Amino acid sequence: MKGIMILAHGSRVKSTVDTIETVVSMVKDMVDLSETPVEIAYMELCEPNIAKTVDKLVKMGVDEIKVVPYFLFEGIHIKEDIPNEISELLAEYPDIKVTMGKTLGADRRLAEILKDRIFE
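Structure report, in brief. Counting from 1, residues in each chain are numbered in the order their sequence is written. Reporting in this predicted model follows two pLDDT cut-offs: at least 70 for local features of residues, and 80 or more for side-chain atom pairs to be given and counted; totals over whole chains, interfaces and linings ignore these cut-offs and use all residues. Heavy atoms throughout the structure, all of them, feed into the side-chain values; hydrogens and water do not.

### Regarding the sheet that holds strand S2 (residues 38-42)
Sheet strands pair by backbone hydrogen bonding; their relative direction is either parallel or antiparallel. Any two strands between which DSSP finds at least two bridges are classified as paired. A run of H or I in DSSP counts as a helix once it spans at least four residues, and a run of E counts as a strand once it spans at least two, with each numbered from the N terminus. Judged by pairing direction, the sheet is parallel, and its four strands sit side by side in the order S2-S1-S3-S4 without closing on themselves. This sheet does not close on itself; its edge strands, each paired only once, are S2 and strand S4 (97-100). Ignoring strand direction, the axes of neighbouring strands in this sheet form an average angle of 25°. Summarising the sheet, strand S1 (residues 2-8) and strand S3 (residues 64-69) pair through six bridges and their orientation is parallel. Its bridge partner lying in S3, Ile4 is registered against Lys66. To get an axis, a line is fitted to the C-alpha atoms, and for a helix only the part in contact is used. The angle between two axes follows their N-to-C directions and goes from 0 to 180 degrees.

### Quick word on the pairing of S3
Residue burial is assigned from relative accessible area. The probe radius is 1.4 Å, only protein chains are included, and a residue is buried under 20% of its type maximum, exposed over 50%, and partly exposed in between. Only one face of S3 is covered, namely the face carrying Ile65, Val67 and Pro69; the face carrying Glu64, Lys66 and Val68 is uncovered. Direction of pairing for S3 relative to S4: parallel, over a ladder of four bridges. Paired with Lys66 across the strands is Thr99, a residue of S4. The path from the first strand over the helix to the second decides the hand: if it runs clockwise while the strands point away from the viewer, the crossover is right-handed. Regarding the hand of the β-α-β motif, the stretch spanning S3, helix H3 (residues 76-90) and S4 is right-handed.

### Focus on the environment of Ile118
Position of Ile118 relative to the elements: it lies in helix H4 (residues 108-118). Sequence separation between Ile118 and Glu85 is 33 residues, and the spatial gap between their C-alpha atoms is 38 Å.

### Here we look at the nonpolar core
The criterion is simple. A nonpolar core is a set of buried Ala, Val, Leu, Ile, Met, Phe, Trp, Tyr and Cys residues joined through side-chain atoms within 4.5 Å. Met5, Leu7, Ile50, Val54, Ile65 and Ile82 are the most contacted members of the largest nonpolar core, which totals 17 residues. Where this core is concerned, the elements lending two or more residues are S1, helix H2 (50-59), S3 and H3. In terms of residue count, H3 provides more of this core than any other element does, four residues in total. By definition in these notes, contact holds between two residues if any of their heavy atoms fall within 4.5 Å. Apart from the residues lying within four places of it in its own chain, the contact partners of Ile65 are Gly3, Met5, Val54, Leu57, Ile96, Lys97, Val98 and Thr99. Core analysis: the second largest hydrophobic core is formed by 10 residues, Ile4, Ile6, Val24 and Val38 among them.

So, to be careful, I would describe these as geometric facts and stop short of saying anything about function.
Following this line, the structure appears as structure tokens:
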């Protein structure tokens with residue numbers, strides 16, 4: 001079964017954590033969770049971390065995880081830190097396949113949201 005890990009940076013600021021958890025809740029409302037479980041993970045500063053979320057998904061019967069970063073850009077975390085952490089973690093789960101999705105990046109839908117914020 002395929003599972004989704006939505007990966008955010010993490011923050012000590014509660015409102016930031018509340019925001020991503022609200023977004024993930026919205027995504028869960030759009031996905032058939034019985035077929036594709038969706039869980040959140042944080043790279044740092046928050047729980048659950050990547051390892052705990054992988055473990056949770058594996059215990060749910062997931063054998064393929066798509067990591068979807070809730071990051072705007074492809075910086076060092078996306079290009080090196082996260083892939084390295086996942087690679088090390090997979091030594092504990094040799095039968096699990098993990099793929100990385102794209103960052104939010106340059107997407108017209110984001111530009112539309114930014115335009116809306118300009119005129120609020």
